[in-house]
Amino acid sequence: MANKRQRIGILTAGGDCPGLNAAIRGVGKAAQGFYQMDVIGFRDGFLGLVENRFIELDRSALSGILTLGGTILGTSRDKPHRMVIDGKTKDMTGVVKENIKKLKLDCVVCLGGGGTQKNALRLHQAGINVITLPKTIDNDVAMTDATFGYATALDIATDAIDRLHSTAHSHHRIIVAEIMGHRAGWLTLGAGLAGGADVILIPEIPYDVKKISAAIRQRSKKGSSFSIVAVAEGAKSREDAQLFKIVEKNVKRAESLESTLAAKHELATLEMRHQGNTLRLAHQLEELTRLESRVTILGYVQRGGSPSTEDRILATRLGTACADLIHKRHYGVMVAARADGTEAVPLEKVAGKLKLVPPDHSWVQSARRVGTCLGD
Ligand code: F6P
């Protein structure tokens, strides 16, 4: 039994990001070439696992993909325990189990962010052998030093801030640049710091628009009649942050189905309204400072293209460490980046947790020291 040739399946779930193919290659080549395992790849995340759609990840499929953006397997945000089939939400965990049995798989490797860690934990609790790798441009997965995708997105967002300086400076404008990151401020903080943004707004530090306009006016007085505001998509004013807090609490506390639905509806309405936050902020700043303001939303550009050197290395070392763990039949863990090495962290310690920017983080302190306004 111990010497049986192992068979594994790989899937990529959640938003695509640079480094996914490098990680597929890292797991696949080490598993296949070094450990003589058979490797397949499921199409479109957990959806492919449920629908039993896969491709053979043989030597030729794994060749030439290290530098490619996106994922050769395709991805989706489907959850096996809450899949919409013919308009109805169904738990497909049983089907996943059957498919794995039919395919004689020893383990499923799930490459993904926070949502994927939660889905993988559910499968693990249902008795399925899983291992995960942490990927996301948001860098918000708990218990790992880093996630692949982040370094590349950081370079792209920093380059964008560099370029936006030209127009801001030449036209004496405020340019508000919206940066991704979901609920975490890592991408905005890092790019803002590296690109020398004058204002950095992150979800972890609710802002006061009057403080921002005062900082911008102060810059004008000192002769800098332009400003770059790097704002995270999840950043909120103090008032909005308070509102979200109350509504999120209501969702958690709701006891009946009716009150749960009402609270969830309220939260969805708030979230919808928040989507226009960056435009509203630019408008408010224009009114308060009398400086022309423009908005640039970086969007999916941040997730596209070839992974940076740092991400290629990270994805490869996490991928190969994953193959080592499969060889040892060590399942139910996420392969975390820890200093120069890796660590197998039990999924229970990762799932459902977010790694947010501590408001006293050294990057925040450095930003303050160089005179950047954090909006508080
Ligand atoms: O998690 C990566 C990310 O790009 C977030 O920064 C962003 O909030 C989200 O995905 C966007 O999701 P979607 O691809 O579903 O629009």
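Residues numbered from 1 in each chain as written. Predicted model: local features only at pLDDT ≥ 70, side-chain atom pairs only at ≥ 80, totals over all residues. Heavy atoms only, no water.

Caption draft 1: Up close: the overall build of the protein chain. When you go through the protein chain residue by residue, the secondary structure sums to 12 helices and 13 strands. Along the first, second and third principal axes, the C-alpha set of the protein chain runs to 75 × 50 × 35 Å. Here the protein chain, with 376 residues, has 51% of them falling under the buried criterion. Across the protein chain, contacts joining residues at least 24 apart in sequence account for 73% of those joining residues at least 6 apart. Roughly 17600 Å² of accessible area belongs to the protein chain as shown, and the carbon and sulfur atoms make up 52% of that amount. When the 51 basic and 40 acidic side-chain charges of the protein chain are each reduced to a single mean position, those positions are 2 Å apart. (Helix = DSSP H or I, 4+ residues; strand = E, 2+ residues; numbered from the N terminus. Buried < 20%, exposed > 50% of the residue type's maximum accessible area, 1.4 Å probe, protein only. Contact = heavy atoms within 4.5 Å. Areas by Shrake-Rupley, 256 points an atom, 1.4 Å probe, with all protein chains shown as cover. Lys, Arg positive; Asp, Glu negative; His and termini not counted. Charge placed at Lys NZ, Arg CZ, Asp CG, Glu CD.)

Caption draft 2: Highlighting the sheet that holds strand β13 (residues 341-346). Taken in spatial order, the 7 strands line up as β3-β2-β1-β6-β7-β12-β13 in an open sheet, and their pairing is mixed. Sheet topology places β3 (54-56) and β13 at the edges, where each strand pairs with a single neighbour. The sheet shows a mean angle of 25° between the axes of neighbouring strands, taken without regard to direction. Where strand β1 (residues 7-12) and strand β2 (residues 38-42) come together, 4 bridges link them in parallel fashion. The partner of Arg7 across the bridge, within β2, is Asp38. (Pairing = 2+ DSSP bridges. Axes fitted to C-alpha atoms, helices over the stretch in contact; angles between N-to-C directions.)

Caption draft 3: Up close: unusual backbone geometry. Non-glycine residue Asp86 carries a positive phi angle of around 50°. You can see Asp86 is positioned in the loop between β4 (83-85) and β5 (88-90). Even without glycine at this site, His182 takes up a positive phi of about 55°. Summarising the element assignment, His182 is placed in the loop between β8 (174-179) and α6 (186-195).

Caption draft 4: Highlighting the environment of Ile216. Tracing the chain through its elements places Ile216 in helix α7 (residues 209-221). With 75 residues separating them in the primary sequence, Ile216 and Leu291 have C-alpha atoms 9.2 Å apart. When neighbours within four sequence positions are excluded, Ile216 is seen to be in contact with Ile174, Val199, Ser227, Val229, Leu285, Thr289 and Leu291.

Caption draft 5: Structural view of the site of the ligand. With respect to spatial proximity, the complete set of residues near the ligand consists of Arg77, Thr136, Ile137, Asp138, Met180, Gly181, His182, Glu233, Tyr300 and Arg303. Interatomic distance of 3.1 Å between a backbone N/O atom of Gly181 and an oxygen atom of the ligand. Tyr300 is positioned such that a nitrogen or oxygen atom in its side chain is 2.4 Å from an oxygen atom of the ligand. When isolated, the ligand has an accessible area of 400 Å², and the protein chains bury 74% of it. Taken domain by domain, the shell around the ligand gets at least three of its residues from each of domain 1 (7-148 + 307-349) and domain 2 (154-302). (Near = heavy atom within 4 Å. Polar contact = N/O pair within 3.5 Å; in protein donor to acceptor, adjacent residues only side chain to side chain. Domains from an automatic or database assignment.)

Caption draft 6: Region of the structure containing the pairing of strand β10 (residues 227-232). Most of β10 sits out of view: 6 of its 6 residues are buried. Taking every second residue as pointing to the same face, both faces of β10 are buried, with Ser227, Val229 and Val231 on one and Ile228, Ala230 and Ala232 on the other. Pairing analysis gives 6 bridges linking β8 to β10, with the strands arranged parallel. Residue pairing in the sheet places Ile175 in a bridge with Ile228 of β10. The pairing of strand β9 (residues 199-201) with β10 spans 3 bridges and is parallel. By the bridge assignment, Leu201 is partnered in β10 with Val231. Taking the sense of rotation as the criterion, the β-α-β connection linking β9, α7 and β10 turns out right-handed. (Right-handed = clockwise from strand over helix to strand, strands pointing away.)

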